[in-house]
Each structure stands twice: as structure tokens, then as C-alpha cells.
Amino acid sequence: MCDRTTEHSVLAGHFAATAARFAASEGPILILQDTTEFIYSRAQPGKIGFTKTINAGHYKAGQPSVLTLCGC
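Residues numbered from 1 in each chain as written. Predicted model: local features only at pLDDT ≥ 70, side-chain atom pairs only at ≥ 80, totals over all residues. Heavy atoms only, no water.

Side note on the overall build of the protein
When helices and strands are counted, the protein shows one helix and three strands. Taken from the N to the C terminus, the helices and strands of the protein come in the order α-β-β-β. A separation of at least 24 residues holds for 24% of the contacts in the protein among residues at least 6 apart in sequence. Total accessible area on the protein stands at roughly 6500 Å², and carbon and sulfur atoms take up 57% of it. (Helix = DSSP H or I, 4+ residues; strand = E, 2+ residues; numbered from the N terminus. Contact = heavy atoms within 4.5 Å. Areas by Shrake-Rupley, 256 points an atom, 1.4 Å probe, with all protein chains shown as cover.)

A closer look at the confidence of the model for the protein
For the protein, the mean per-residue pLDDT works out to 76, and 67% of the residues sit at or above 70. The lowest-confidence element of the protein is strand S1 (residues 38–40), averaging 60 in pLDDT; the highest-confidence one is helix H1 (residues 7–24), averaging 92. (pLDDT = per-residue confidence, 0-100.)

Re the environment of Ala56
Tracing the sequence through the fold places Ala56 in strand S2 (residues 50–58). Accessibility expressed as a relative area gives 38% for Ala56, which makes it partly exposed. With ten residues separating them along the chain, Ala56 and Val66 place their C-alpha atoms 5.4 Å apart. Those residues in contact with Ala56, other than ones at most four positions away along the chain, are Ser65 and Leu67. (Buried < 20%, exposed > 50% of the residue type's maximum accessible area, 1.4 Å probe, protein only.)

Observations regarding a nonpolar patch on the surface
A surface patch of nonpolar side chains, about 310 Å² in accessible area, is lined by Phe22, Ile29 and Ile31. Among the secondary structure elements, Phe22 is positioned in helix H1. Its relative accessible area of 39% is what places Phe22 among the partly exposed residues. (Patch = residues over 30% accessible without salt bridge, like charges linked within 9 Å, V, L, I, M, F, W, Y side chains within 5 Å. Salt bridge = Lys/Arg side-chain N within 4 Å of Asp/Glu carboxyl O.)

Remarks on H1
Compared with an ideal rise of 1.5 Å per residue, which puts 18 residues at 26 Å, H1 spans 26 Å between its outermost C-alpha atoms and is within 8% of the ideal. The sharpest bend along H1 measures roughly 30° and falls at Gly13. (Expected span 1.5 Å × (residues − 1). Bend = angle between axes of the 7 residues up to and from the residue.)

Take a look at the structure:
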């Protein structure tokens, strides 16, 4: 974002439209959230949407455990 753009100004239209949809609704409103992560340990993670690797602690024998995070 540039100096003149704020998070509020970018999201203002979305918030207004969401408030209007809520006001027009006559039933329950469900708010869903998905925080799913996929963790793969693969020799060639690039083929499945590689995003980054993370340090996942250590195996019982002491070697570091590295996991590959992949997006869909």
C-alpha cells in the first residue's frame, strides 16, 4: 500500500456491504472460518504447491524435524 491508502479505506466498502446484507437477513447468520493447513513431507514439494519449510522440533533420536507447508 502507498502512504495514502489505509487498511480501513480498502475494507470500508466490504464492511458496508456486509452490514447491509446482515440488515436484510431474516434468519440466522453463520460466520465460517477455515484455518486448515496442509503439511507434507515430500522429496519434491514444488509439485504440490510449496510455500515454505518450518522447523518442527526434533525426532526422538535428536535430528531436526523439518516440515514442508503447501498451499492448495
